[in-house]
Amino acid sequence: MHSSISYDPMNEPQLLDLAFAALVDHLVDLGEPRYRAAQLWRAVYADLVTSYEAITTLPQGLRTKLEACLPWEALMCAQSHASADGRTTKVLWKLQDGETIESVLMRYDSRATACLSTQVGCAMGCQFCDTGQSGFRRNLSIGEIIGQALAHARTLRDEGRRLSNIVFMGMGEPMDNYDATLGTIRTMNDPKGMGIGARAFTLSTVGIIPGIRRLANESIQVNLAVSLHTADNQLRNSLVPANRTHPLPKLLDACRAYIEKTHRRVSFEVALIAGINDSIDHARQMAKSLRGMLCHVNLIPFNTIRKSAWKGSDVEQIHRFKSILSDAGIPTSVRQSRGEDIRAACGQLRRRDRTSY
Ligand code: SF4
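Residues numbered from 1 in each chain as written. Predicted model: local features only at pLDDT ≥ 70, side-chain atom pairs only at ≥ 80, totals over all residues.

### Quick look at the environment of Leu16
1) Next: Within the secondary structure layout, Leu16 lies in the segment before helix 1 (20-29).
2) Next: Between the C-alpha atom of Leu16 and that of Ile145, which follows or precedes it by 129 residues, the distance is 9.1 Å. (Helix = DSSP H or I, 4+ residues; strand = E, 2+ residues; numbered from the N terminus.)

### Thoughts on helix 5 (residues 142-158)
1) Next: For helix 5, built from 17 residues, the straight-helix expectation of 24 Å at 1.5 Å per residue is met to within 8% by its first-to-last C-alpha distance of 24 Å.
2) Next: Among the 17 residues in helix 5, 12 count as buried, and that is most of the element.
3) Next: Within helix 5 the residues assigned to the buried category are Ile142, Gly143, Glu144, Ile145, Ile146, Gly147, Gln148, Ala149, Leu150, Ala151, His152 and Ala153.
4) Next: Where helix 5 is buried, its residues contact strand 1 (75-82), strand 2 (88-95), strand 3 (100-107), strand 4 (112-115), strand 7 (165-168) and helix 6 (178-189).
5) Next: At the C-terminal side of helix 5, Gly160 shows a positive phi close to 75 degrees. (Expected span 1.5 Å × (residues − 1). Buried ≥ 20, exposed ≤ 12 C-beta atoms within 10 Å, placed from the backbone. Contact = placed C-beta atoms within 7 Å.)

### Let's talk about the nonpolar core
1) Next: Core analysis: the biggest nonpolar cluster contains 92 residues, and Ala149, Ile212, Cys255, Phe268, Leu272 and Val297 have the highest contact counts within it.
2) Next: Counting residues per element, this core draws most heavily on helix 5, at 7 residues.
3) Next: Each of domain 1 (2-69) and domain 2 (75-355) contributes no fewer than three residues to this core. (Core = buried A, V, L, I, M, F, W, Y, C linked by C-beta atoms within 7 Å. Domains from an automatic or database assignment.)

### As for the packing of helix 7 (residues 209-216) against helix 9 (residues 248-262)
1) Next: Where helix 7 meets helix 9, the closest approach of the two axes is 9 Å, and the angle between their N-to-C directions is 5 degrees. Comparing the axis directions of helix 7 and helix 9 gives the class roughly parallel. For the pair formed by helix 7 and helix 9, the contact residues are Ile209, Ile212, Arg213 and Ala216 on the first element and Lys250, Leu251, Ala254, Cys255, Ala257, Tyr258, Lys261 and Thr262 on the second. (Axes fitted to C-alpha atoms, helices over the stretch in contact; angles between N-to-C directions. Parallel < 35°, antiparallel > 145°, perpendicular 65-115°, else oblique.)

### Overview of the site of the ligand
1) Next: The ligand sits among 12 residues. The nearest are Cys122, Met124, Cys126, Cys129 and Gly132.
2) Next: For the shell around the ligand, the class distribution of residues is 7 nonpolar, 4 polar and 1 charged. (Near = placed C-beta within 6 Å. Nonpolar A, V, L, I, M, F, W, Y, C, P; charged D, E, K, R; others polar.)

### Remarks on the sheet that holds strand 7
1) Next: Here we have 10 strands laid out as an open sheet, ordered 1-2-3-4-7-8-9-10-11-12, and mixed in their pairing. The open sheet is flanked by strand 1 and strand 12 (332-334), the only strands paired with a single partner. Across the sheet, the mean angle separating the axes of adjacent strands is 20 degrees when strand polarity is ignored.
2) Next: Relative to strand 7, strand 4 is paired through 3 bridges, and the arrangement is parallel. Counterpart to Thr113 in the pairing with strand 7 is Asn165. (Pairing = 2+ DSSP bridges.)

### Considerations on the packing of helix 5 against helix 6
1) Next: Where helix 5 contacts helix 6, the two axes come as close as 9 Å, and the packing angle between them is 45 degrees. With respect to helix 6, the axis of helix 5 lies oblique. As for the relative orientation of helix 5 and helix 6, their crossing is right-handed in sense. When helix 5 is examined against helix 6, the residues Ile142, Ile145, Ile146 and Ala149 are found in contact with a partner set consisting of Ala180, Thr181, Gly183, Thr184, Thr187 and Met188.
2) Next: Of the residues assigned to the contact of helix 5 with helix 6, the class counts are 6 nonpolar, 4 polar and no charged. (Left-handed = near helix turned anticlockwise from the far one by under 90°.)

### What about helix 7?
1) Next: Within the span of helix 7, buried status applies to Ile209, Gly211, Ile212 and Leu215. Viewed along the axis of helix 7, the buried residues span an arc of 160 degrees, placing them on a single side of the element.
2) Next: Contact partners of the buried residues in helix 7: helix 6, strand 8 (201-205), strand 9 (223-227) and helix 9. (Arc of directions from axis to C-beta.)

### A short note on the environment of Lys94
1) Next: Relative to the elements of secondary structure, Lys94 occurs in strand 2.
2) Next: Taking the C-alpha atoms as reference points, Lys94 and Ala78, separated by 16 residues in sequence, lie 5.8 Å from one another.
3) Next: In contact with Lys94, other than residues within four places in its own chain, are Met76, Ala78 and Thr100.

### Section: unusual backbone geometry
1) Next: Notably, Leu48 is not glycine yet its phi reads approximately 60 degrees, a positive angle.
2) Next: Mapped onto the secondary structure, Leu48 falls in the loop between helix 2 (35-45) and helix 3 (60-69).
3) Next: Judged by C-beta crowding, with 19 C-beta atoms within 10 Å, Leu48 ranks as partly exposed.
4) Next: Backbone geometry places His263, a non-glycine residue, at a positive phi of 60 degrees.
5) Next: Here His263 is to be found in the loop between helix 9 and strand 10 (266-272).

### What about the environment of Asn277?
1) Next: Relative to the helices and strands, Asn277 resides in the loop between strand 10 and helix 10 (280-290).
2) Next: Those residues within four positions of Asn277 in sequence are excluded, and the remaining contacts are His229, Thr230, Leu235, Leu239, Leu272 and His282.

And the structure:
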């Protein structure tokens, strides 16, 4: 039932929550011509301005009116940490109700990716995840999700770069806040605004089957990443408790149906934990389960969390695992986790903020 919880501090719409059509309606209700909505939209999402005052294409009277009736910003930067090489920045955001979330900006040679949160905390309770161990607080609004992306886009603009990719792999389960996540994608995809291509979005899920089925029927074709972690149903029950509601065989069926409908490849994310899910038998079982699917496996060395005795698998074991999948014809890569020196694993910065800063 928690998925309906969201925070509306003023009980009135906020600028970044509105889709373009709703913004047009709002301005028409204020007695303004429709083209004012296009001017405002462009200023916020293409020019990346941060206040009504800065939108000089709008008359002063309208700017004052909007200031009073359509609040703008939902996020405040509480902390920002850059990795030693300067390519990764992790930001802790404070929301209007005092809750905190985080997002990460990763700079690559040919692209820049923002990893966004969709909830405060998470109800999925994954055993290896700091956020999951902290529990669920509430859903984020569209504005609170987009606010993270806009802030990273402004940082990149100041560096002469552009935000090109979005992954929903921060705090929370995006499929558990489906409408806000899809609303965010639609706004960011608009070519009159941020113009981020549909294929540059990756929606990551622990495997919420109704969400996967819904996504298959959306008109916008984004990438789907499923946090698989193991093809052993029993083990997955303990690593990813959501597996008890959405068991592996049914999850893989939903993925096959998604592929059939969209003709798009599914990514399977696998965090390899030494002695837990990284054996040769685990690899063979995964190869058997995924053989013939239009998919890609990302092996990620597990990022140790606080109070956990678990360690990431060593490089040799990761490569043995990879060989077994590759030999079975399953495209597999090893992904380096970015920014370990700034605690980039999900939930870690927020936990530290609450406990020791
Ligand atoms: S890994 Fe993702 S889905 Fe699982 S508890 Fe953490 S934030 Fe939630």
